[in-house]
Amino acid sequence: MGRYLLRRLAFLLVSLALASVVLFVLLRMLPGDPANALTAVGATDEQIAAARHAIGSDRPLPEQFTHWLGQLASGDLGTSFVSSLPVGPEVTARLNVTVPLTLAAFVLAVLVAVPAGFVAAHKRRTWYGALLSGVSQLGIAVPVFWLGMILIAVFALNAEWLPSGGFPQDGWSAPADAIRSLVLPVVTIALVMSASLIRYVRSATLDVLGSDYLRTARALGEGFGTAMWRHGLRNASVPVISILGIELASTLLGAVVVESVYALPGLGSLLATGIAQHDYPVIQGVLFVSTLAVLLIGFLADLVQRIVDPRLRGRLSGGAR
């Protein structure tokens with residue numbers, strides 16, 4: 001396991017380095033000049049050149065990239081071209097919204113999807129099993145922004161139970177208001193995510209229900225619940241864990257849409273502002289942190305799979321030899 005962890009960590013670092021190169025190159029290929037965000041309309045060539053020199057965009061690309069890598073190595077995400085403020089603290093402040101939003105939606109989706117997916121598989125020949133399968137198929141087709149607007153219309157504008165958007169100025173210093181402001185965004189993400197997860201849980205459960213080892217356990221006198229708990233749960237969870245990692249990562253990256261619908265000051269709004277202003281340090285900082293989070297989620301999901309499934313551990317130890 002130690003060798004495996006070292007290999008995975010090395011792969012993570014290499015992937016992060018490659019992602020940083022791709023990110024830097026692609027940003028510089030986008031049309032537009034970041035100096036335009038710092039100058040007034042109708043600025044002279046001398047003023048634009050001075051702005052480029054101030055932010056360092058007139059330096060050779062290799063020099064700019066080396067400077068950025070040096071900043072990353074020291075834990076510095078750079079300084080915003082527009083606000084002249086450090087990007088790191090701004091990203092951290094926005095994570096205080098995005099991370100709770102993502103994790104709460106993920107936990108709620110799992111709590112809904114796992115039992116619903118199991119029932120949809122075990123009771124697939126009943127009307128409510130078929131209904132769960134149909135609802136999950138419908139949920140996948142629903143755009144998240146459309147669902148968000150429907151929830152706002154119903155629970156915020158008509159019922160006036162919850163705020164339609166925004167986040168308290170005091171942030172988590174006012175926890176009750178902060179939680180209320182995240183209820184609708186969390187439910188929006190969780191409903192869309194659970195619709196997808198139900199299908200995967202149902203598929204994994206059907207594979208277990210049709211397996212020889214479960215039929216053998218039942219033939220030896222074990223009840224259905226005992227056989228599923230002792231033999232089926234672990235086997236069904238292995239593919240689901242991988243999907244959970246993918247869903248969590250995609251939710252983190254896709255939070256930009258939900259944050260826009262609900263006007264939340266998270267990473268999504270910071271990224272959108274950075275793109276509109278061609279603020280390279282802000283864009284690089286947000287995408288770098290997001291990429292790191294996705295790689296860490298994939299690493300943890302892979303590790304949990306090997307802890308849960310002895311066959312993967314045996315394959316791993318065999319490879320180590």
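A quick note: this is a predicted structure, and the numbers were derived from the prediction, not measured.

A. The nonpolar core, seen in detail. Judged by nonpolar contacts, the single largest core of 36 residues is most densely connected at Leu 197, Tyr 262 and Leu 264. Breaking this core down by element, the ones donating at least two residues are helix H4 (87-122), helix H6 (144-158), helix H7 (175-209) and helix H9 (224-261). A per-element tally of this core places H7 first, with twelve residues. For Leu 197, the residues in contact, after removing those within four places along its chain, are Ala 109, Val 110, Ala 113, Ile 243, Leu 244 and Glu 247.

B. Here's a closer look at the packing of helix H5 (residues 127-141) against H7. The contact between H5 and H7 brings their axes to 7 Å, and the two run at 135 degrees. By the angle class used here, H5 and H7 are oblique. Classified by chirality, the crossing of H7 by H5 is left-handed. Touching Ser 133, Ser 136, Gln 137, Gly 139 and Ile 140 of H5 are Ala 195, Ser 196, Ile 198, Arg 199 and Arg 202, all from H7.

C. Inspection of the packing of aromatic side chains at higher detail. Across all of its chains, the model carries seven aromatic pairs by this definition. With a centroid separation of 6.3 Å and an interplanar angle of 20 degrees, the aromatic rings of Phe 24 and Trp 68 are classed as stacked. Taken as a pair, Phe 24 in helix H1 (residues 2-29) and Trp 68 in helix H3 (residues 61-73) lie far apart in primary sequence, 44 residues in all. Per residue, the accessibility class of Phe 24 equals that of Trp 68, and both read buried. What links up through ring pairs into an aromatic cluster is the set Phe 24, Phe 65, Trp 68 and Phe 288.

D. Here's a closer look at H4. Under the 1.5 Å per step criterion, the end-to-end length of H4 is 50 Å for 36 residues, consistent within 8% with the ideal 52 Å. The principal kink in H4, of about 35 degrees, is found at Leu 95.

E. Structural view of the environment of Asp 177. With respect to the secondary-structure elements, Asp 177 resides in helix H7. Classification of Asp 177 as partly exposed rests on a relative accessible area of 44%. Each C-alpha atom of the pair Asp 177 and Pro 163 lies 9.3 Å from the other, and the pair is 14 residues apart in sequence.

F. Local environment of the pattern of salt bridges. Within the structure shown, the criterion is met by three salt bridges. Across the pair Arg 8 and Asp 302 runs a salt bridge whose closest N-O atoms are separated by 3.6 Å. With Arg 8 in helix H1 and Asp 302 in helix H11 (residues 280-308), this residue pair connects regions lying 294 residues apart in the sequence. Note on Asp 302: relative accessible area 15%, which makes it buried. Here Glu 90 and Arg 94 are joined by a salt bridge, their closest N and O atoms 2.9 Å apart. Linking Glu 90 with Arg 94, this pair stays in helix H4, spanning four residues, or about one helical turn. Relative accessible area serves as the criterion here: at 32%, Glu 90 is assigned to the partly exposed category. Judged by relative accessible area, Arg 94 falls into the buried class, the value being 17%.

G. Up close: the confidence of the model for the protein. The pLDDT averaged across the protein works out to 81; a share of 89% of its residues lies at or above 70. Throughout residues 316-321 the model reports pLDDT below 50, and contacts reaching past four residues in sequence, or to other chains, amount to five contacts.

H. Structural context of the side chain of Ser 181. Relative to the helices and strands, Ser 181 resides in helix H7. Classification of Ser 181 as buried rests on a relative accessible area of 5%. At a separation of 2.6 Å, a polar atom in the side chain of Ser 181 contacts the main-chain carbonyl oxygen of Ala 178. The contact partners of Ser 181, leaving out residues within four places of it in the chain, are Pro 163, Gly 166, Phe 167, Pro 168 and Leu 264.

I. Spatial organisation of helix H2 (residues 45-55). For H2, the complete set of buried residues consists of Ile 48, Ala 51 and Ile 55. Projection of H2 onto a plane perpendicular to its axis shows the buried side chains occupying an angular sector of 60 degrees, all on one side. The exposed set on the far side of H2, more than 90 degrees from its buried face, consists of Asp 45, Glu 46 and His 53. Remark: Gly 56 follows H2 within two positions and exhibits a positive phi of approximately 80 degrees.

J. Broad picture of a nonpolar patch on the surface. There is a patch of nonpolar side chains on the surface, built from Phe 145, Trp 146, Met 149, Ile 150, Val 154 and Val 257 and spanning about 520 Å² of accessible area. Looking at the nonpolar patch, the element that brings in the most residues is H6, giving five residues. Of note, Val 257 is situated in helix H9. When its relative accessible area of 33% is taken as the criterion, Val 257 is described as partly exposed.

Procedures and definitions
Residues numbered from 1 in each chain as written. Predicted model: local features only at pLDDT ≥ 70, side-chain atom pairs only at ≥ 80, totals over all residues. Heavy atoms only, no water. Core = buried A, V, L, I, M, F, W, Y, C linked by side-chain atoms within 4.5 Å. Buried < 20%, exposed > 50% of the residue type's maximum accessible area, 1.4 Å probe, protein only. Helix = DSSP H or I, 4+ residues; strand = E, 2+ residues; numbered from the N terminus. Contact = heavy atoms within 4.5 Å. Axes fitted to C-alpha atoms, helices over the stretch in contact; angles between N-to-C directions. Parallel < 35°, antiparallel > 145°, perpendicular 65-115°, else oblique. Left-handed = near helix turned anticlockwise from the far one by under 90°. Phe/Tyr/Trp six-rings, centres within 6.5 Å; stacked < 30°, edge-to-face > 60°. Expected span 1.5 Å × (residues − 1). Bend = angle between axes of the 7 residues up to and from the residue. Salt bridge = Lys/Arg side-chain N within 4 Å of Asp/Glu carboxyl O. pLDDT = per-residue confidence, 0-100. Polar contact = N/O pair within 3.5 Å; in protein donor to acceptor, adjacent residues only side chain to side chain. Arc of directions from axis to C-beta. Patch = residues over 30% accessible without salt bridge, like charges linked within 9 Å, V, L, I, M, F, W, Y side chains within 5 Å. Areas by Shrake-Rupley, 256 points an atom, 1.4 Å probe, with all protein chains shown as cover.

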